[in-house]
Amino acid sequence: MKIISSLQNPFIKSIVLLQEKAKARKQSGTFIIEGKREIELALKGNYKIETILFYPELIDNSFDLSNYDSISIEISKEIYQKLAYRDTTEGIIAVAKSKSLQLSDLKLPKNPLILVMESIEKPGNIGAMLRTADAANVDAVLIATPKSDIYNPNIIRSSVGCIFTNQIAIATTNEIIAFLKLNTINFYSATLQNSTPYYTQDYTKPTALIVGTEATGLSNDWRVNATQNIIIPMSGEIDSMNVSVAAAILLFEAKRQRGF
């Protein structure tokens, strides 16, 4: 088994770039996963693990490296501390192959429930919505005109691996609108303009719920093409809430109507 102990090793330098640069992830078609749970969820989601790096003093004895069809490399404490964001990743870091995540790859049931997020910038919000989507067992998460690389380590970390449990596709806003219309999926845009309270709508039919940034909201294309613009009524001094909270409210109202 190969052992790497130097931070100057070219392969380790390439791993650092995968963590820090979206360009490096895109060019190589690979990304980094930390932790046993996240790696196992990635495998369950049919992601290919190319390499597993492990620090033997932290690795869980129940983690059997022979179960993985990948290269295993032992690394030093210095390298592990450089690569790991968390102290609770069990001494395991994996290099995985990314997916294309195209709309054409989606496999939807006859009556889908979909979450669409447009141009969300903060990885923590994207991760939180992926966790909510998993909890609600939605049929797909569509990311319109993305501002963040979906394989950003902060998204993977904040989603606690739910990036791998959700069916995800990435496209432009206009491409997703066309896709929803082509598949006769009603879509409801969460926006302040020309809106009706979210709980007045029927989400028992094929439905997509659309959320945008807290700062600027959704683009005009979503507002003018929506089946209905919807709003979450608020009683305080401000007129917006965290986008991940809004997504959770909308998704679980849809789930309630569908009898969970």
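Please read these numbers as outputs of a predicted model, since none were measured by experiment.

K.L.:
I would appreciate a short explanation of the nonpolar core in the present structure.
P.N.:
Inside soluble globular proteins, nonpolar side chains tend to come together where they are buried. By size, the foremost hydrophobic cluster in this structure holds 49 residues, and its most contacted members are Ile33, Met117, Leu130, Ile150 and Leu209. With six residues, helix α9 (residues 243–257) is the single largest residue contributor to this core. With near-sequence residues (within four places) excluded, Ile33 lies in contact with Glu38, Ile39, Ala42, Ile49, Ile92, Ile93, Ala94, Ala96 and Phe164. One finds Leu106, Ala140, Leu180 and Ala226 within the second-largest nonpolar core, a separate group that totals 20 residues.

K.L.:
Can you walk me through the side chain of Glu38 in this structure?
P.N.:
Within the fold, Glu38 resides in helix α3 (residues 36–44). Residue class for Glu38 comes out buried when judged on its relative accessible area of 3%. Filtering out sequence-adjacent residues up to four positions away, Glu38 remains in contact with Ile33, Arg86, Val160, Gly161 and Phe164.

K.L.:
Can you help me understand unusual backbone geometry in this one?
P.N.:
Where the residue is not glycine, phi is negative for most of them; where a peptide bond is considered, it is trans in most cases. A positive phi angle is found at Thr145, which is not glycine, with a value near 45°. Within the element layout of this structure, Thr145 appears in the loop between β7 (140–144) and α6 (153–158). A relative accessible area of 32% places Thr145 in the partly exposed class.

K.L.:
Explanation requested: helix α5 (residues 123–136) in the structure shown.
P.N.:
Because each turn of an α-helix spans 3.6 residues, side chains separated by three or four positions end up pointing in the same direction. With 14 residues, α5 should reach 20 Å at 1.5 Å per residue; the first-to-last C-alpha distance of 20 Å fits that figure. Turning to α5, the residues buried within the fold contact β6 (113–118), β7, α6, β8 (168–171), β11 (207–211) and α9. One or two residues past the end of α5 sits Asn137, with phi positive at roughly 55°.

Conventions and cut-offs
- Residues numbered from 1 in each chain as written.
- Predicted model: local features only at pLDDT ≥ 70, side-chain atom pairs only at ≥ 80, totals over all residues.
- Heavy atoms only, no water.
- Core = buried A, V, L, I, M, F, W, Y, C linked by side-chain atoms within 4.5 Å.
- Buried < 20%, exposed > 50% of the residue type's maximum accessible area, 1.4 Å probe, protein only.
- Helix = DSSP H or I, 4+ residues; strand = E, 2+ residues; numbered from the N terminus.
- Contact = heavy atoms within 4.5 Å.
- Expected span 1.5 Å × (residues − 1).

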